[in-house]
Amino acid sequence: MASLRLSISLNANKSNFSKNPLQFPTHVSLFSISSCIPSSKPCIITILSRFNPVKVSRVETELSESEPVLSTSRDLVQESLNQDLIERNQDLKRKIRKNYRGAKKGRKSQVGFKFNYKRHGSQQREDFFVHDTDLDVDYSVINSNLSLEQCNYILKQLEGCSSESKTLRFFEWMKSNGKLEKNVNAYNVILRVLARREDWDCAERMIRELSDSFGSALDFRIFNTLIYICSKRGHMKLGGKWFLMMLELGVQPNVATFGMLMGLYQKGWNVEEAEFVFSQMRSFRIICQSAYSAMITIYTRLRLYDKAEEVIGIMRKDNVALNLENWLVLLNAYCQQGKLEEAEELLIAMQESGFSPNIVAYNTLITGYGKLSKMDAAQHLFLEIKNVGLGPDETTYRSMIEGWGRTGNYKEAKWYYSELKRLGFSPNSSNLYTLINLQAKHDDEEGAVRTIQDMLKMGCQYSSILGTLLKSYERAGKIDKVPLLLKGSFYQHVLVNQTSCSILVMAYVKHCLVHDALEVLQDKEWNDPAFEDNLYHLLICSCKELGHLENAVKIYSQMPKSNGKPNLHILCTMIDVYSSLGLFTEGEKLYLQLKSSGIALDMIAFSIVVRMYVKAGLLKDACTVLETIEKQKDIIPDIYLFRDMLRIYQRCGMMSKLNDLYYKILRSGVVWDQELYSCIINCCARALPVYEISRLFNEMLRCGFSPNTITFNVMLDVYGKAKNFRKVKELFWMARKRGLVDVISYNTVIAAYGHNRDFKNMASAIQKMQFDGFSVSLEAYNCMLDAYGKEGQMESFRYVLQRMKQSKCTSDQHTYNIMINIYGKQGWIDEVAGVLTELKECGPGPDLCSYNTLIKAYGIAGMIEDAINLVKEMRQNGIEPDKITYTTLITALQKNDKYLEAVKWSLWMKQLVL
């Protein structure tokens, strides 16, 4: 027994730290495994002799870009309970059970199954067991006279060779016969059983009982048993729970405790819990080399490099003697930070400390240089590996491929890839992805085909390969090369697999390879109409979002024609596409097709149709669709359709509809946003009372929404026409303060003062307009002309006309109409004739308003024949007289005592039903 303990202890401590770059001492006291092995367990020694040698500390030799962090030793076999070796060795358990079950069929149960049990080399055989289908205790031959040693022996045999229920049954027998008093080993065994069953509540109750019974005799072994199971199964929260209970009950952890917990937290990258356990380890002045490694590894993985450096400093402060794992973790930490010079110095110091050259260390440095694209240094290290008596392994070649790939050197990456395969090594997924990227960039289609074959040999799924291929060639901007690579079984997979087919055609359509996409869809071998409809819809939507509207039309035209009802979503999308292309006739055909198919249109479909008619300028048709929506009570417009309806009714001048729609929106419960407030104010300004519009505007401000310039101008117009000039001034200054005043704002204010004949404020507004850097606009001149003319201030009227000429402001239709109206009212028929001549020669020509104004002027001047001739001239010029035309003419006839003619025109007007 002593020799066994000695051999394990020597293996665990075998290191030569004669030279230590961190100046750590060459000796550190380790937890002795013999302290947790009962002194009289020769039977366990006999069984342990069958085991293969156990590695005390394992360091993974695999370094790749996907897992750059070195793994620490997680098993901590030398620091955990020796009994757990029997439990974990499934081969031994099967051998024992096989021996028990080797009897012939039909053989009766053997009572008194004999088991060798030597006590200090002189123990006799005792018959404790019975074998039926499993090892069990022969309760007929045991009694309360059994010693604690015998009971513990039986309990351990049951744990290793029998079911958990039989182990728990014998434990209860021991409890009822007083065999558990001061028997920590028995509790330790049964806690392992409970942990395997994950009966944590029972385990906690048992520990509480142990604490009450054993007091200070309770040690770390009990808790290590539970923590060990948690560490193996990845139960981080439970592992932390047992550790906290350990501290709560005043039990001091040992090296194994901290090693298992830190390994557990490293697996889950739980930095907070790891920091707590690490601080507790230092407070107990316990040195666990793997715990330092785990803490550094966690910080490095989470890119908390400053904290990793702090832990390295703590190692120096705590005089930790570095083992191989510590050295490798430090190397990795420096390489991950890009501190390759420090890493090389560390490698030299590691070798000077007595450690032989290690391939993992060289691989770590090569990976680090590869990430920095310093491939000359990586190449130098690769050559040095042979000089120090080592050989490059699989990881070495993988790292070299990644490094050359990162620099874009296809030639070197290809050579190392060939060498990797020649030596019988296997590339990892990252190598294959790197190679495909390089082949796409360098137009090596043949090489890409070979790489695809390698992927298939490695067992990669077709869908995964396809995704990698598309991503690589898309990044290289050569997606058009992909059809050349899809051959044989690969292309066949695309044709039979719906998902791969969808991914491929979506990529083709995204890059305008519509012909290739349609060819794949024609060759496909799967049959799923619903899935196919959805796929075509996605393709059309993709074209629409990318602005490739012609491609959307191509895809739609190549769609297989359905014998059933058309797809609502596809047709709606195509209506939108045709609207964007200006092909309103085609869009309307699809709408009529939907109507005739009997498919119930939803709110989105109606919205698309409404917008199509609005874009086409067919507002009456849009109103017809809106009437259809109103009749369908199950369709509730959303905020976007409400805004469309408001704009349509406003453009059509349907004030009653606007009024009704406004109150419908209030009742709908829709959430108002800034755009809805603005839209309602802008569209309903003339349809709603002034107080309601004012209330809405104030509510908009209270909600924190900012009105835009248009909304401010609309409100200025509302208050101006309501002659609320106090509000006009307040609102104007608010808009000016926010920088939202424009020319239209000034025009609106000037028009408001002009209509109210407030010439002083009108003139003041014009001066402010010029002061703010705006030129007096044509609209402002028109307002002044209209105001001065209607007030009869003809001198001011002429002065405004003179200023217009000086500023080279060209008159528009409205200017000429104002002049005709004012001169007509004054009876200045010569001036009217002059304006008419100028309008015909230099201006746009008379419009309906011009003719109506002229008829009125001629009526005032008593020129009835000329007024009647104007009506004929209107028709000759393609301008249809309206109700105002006839009313004005009838009034002129009556004022000039032409009552008979007035009656005739009145009857004619009634016949026209104007």
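What comes next concerns the included structure. Please read all numbers here as calculations on a predicted model, not as lab measurements.

Moving on to the nonpolar core. Within the largest apolar cluster, 272 residues are counted, with the highest numbers of intra-cluster contacts made by Trp242 and Leu646. The leading source of residues in this core is helix H7 (residues 184–197), at nine residues. If we skip the residues at most four places from it in the chain, Trp242 touches Trp200, Ala203, Glu204, Ile207, Phe223, Leu226, Ile227 and Cys230.

Right, let's talk about the packing of aromatic side chains for a bit. Throughout the structure, instances matching the rule amount to 27 aromatic pairs. With 5.6 Å between their ring centres and 75° between their planes, Phe171 and Tyr187 make a pair best called edge-to-face. Pair noted here: Phe171 is in helix H6 (residues 164–176) and Tyr187 is in helix H7, with a separation of 16 residues, a long-range link. Note on Tyr187: relative accessible area 10%, which makes it buried.

Time to look at unusual backbone geometry. With a phi close to 55°, Asn319 is a non-glycine residue in the positive phi region. Positionally, Asn319 belongs in the loop between helix H14 (305–317) and helix H15 (324–336). Not every positive phi belongs to a glycine, and Asp897 is a case in point at roughly 60°. Here Asp897 is to be found in the loop between helix H48 (883–895) and helix H49 (899–911).

Attention now goes to helix H5 (residues 148–161). In a regular helix each residue adds 1.5 Å, so 14 residues correspond to 20 Å; H5 covers 20 Å between its end C-alpha atoms and thus fits that length. Residues of H5 that are buried include every one of Gln150, Cys151, Asn152, Tyr153, Ile154, Leu155, Lys156, Gln157, Leu158, Glu159, Gly160 and Cys161, and no others.

This part takes up the packing of helix H16 (residues 340–352) against helix H17 (residues 359–371). Two numbers describe how H16 lies on H17: the axes approach to 10 Å, and their chain directions differ by 170°. For the element pair H16 / H17, the angle class is roughly antiparallel. Contact with H16, carried on its side by Leu340, Ala343, Glu344, Leu347 and Gln351, involves Ala361, Tyr362, Leu365, Gly368 and Tyr369 of H17 and no other residues of that element. Grouping the amino acids of the contact of H16 with H17 by side-chain chemistry returns seven nonpolar, two polar and one charged.

Right, let's get into the side chain of Ser500. Tracing the backbone shows Ser500 in helix H26 (residues 498–510). Within the local environment of Ser500, its side chain forms a polar contact with the side chain of His493, the two groups lying 2.8 Å apart. Beyond its immediate sequence surroundings of up to four residues, Ser500 is in contact with Ser463, Leu466, His493 and Val494.

What counts and what doesn't
- Residues numbered from 1 in each chain as written.
- Predicted model: local features only at pLDDT ≥ 70, side-chain atom pairs only at ≥ 80, totals over all residues.
- Heavy atoms only, no water.
- Core = buried A, V, L, I, M, F, W, Y, C linked by side-chain atoms within 4.5 Å.
- Buried < 20%, exposed > 50% of the residue type's maximum accessible area, 1.4 Å probe, protein only.
- Helix = DSSP H or I, 4+ residues; strand = E, 2+ residues; numbered from the N terminus.
- Contact = heavy atoms within 4.5 Å.
- Phe/Tyr/Trp six-rings, centres within 6.5 Å; stacked < 30°, edge-to-face > 60°.
- Expected span 1.5 Å × (residues − 1).
- Axes fitted to C-alpha atoms, helices over the stretch in contact; angles between N-to-C directions.
- Parallel < 35°, antiparallel > 145°, perpendicular 65-115°, else oblique.
- Nonpolar A, V, L, I, M, F, W, Y, C, P; charged D, E, K, R; others polar.
- Polar contact = N/O pair within 3.5 Å; in protein donor to acceptor, adjacent residues only side chain to side chain.

These results come straight from atomic positions and should not be treated as a statement about function.
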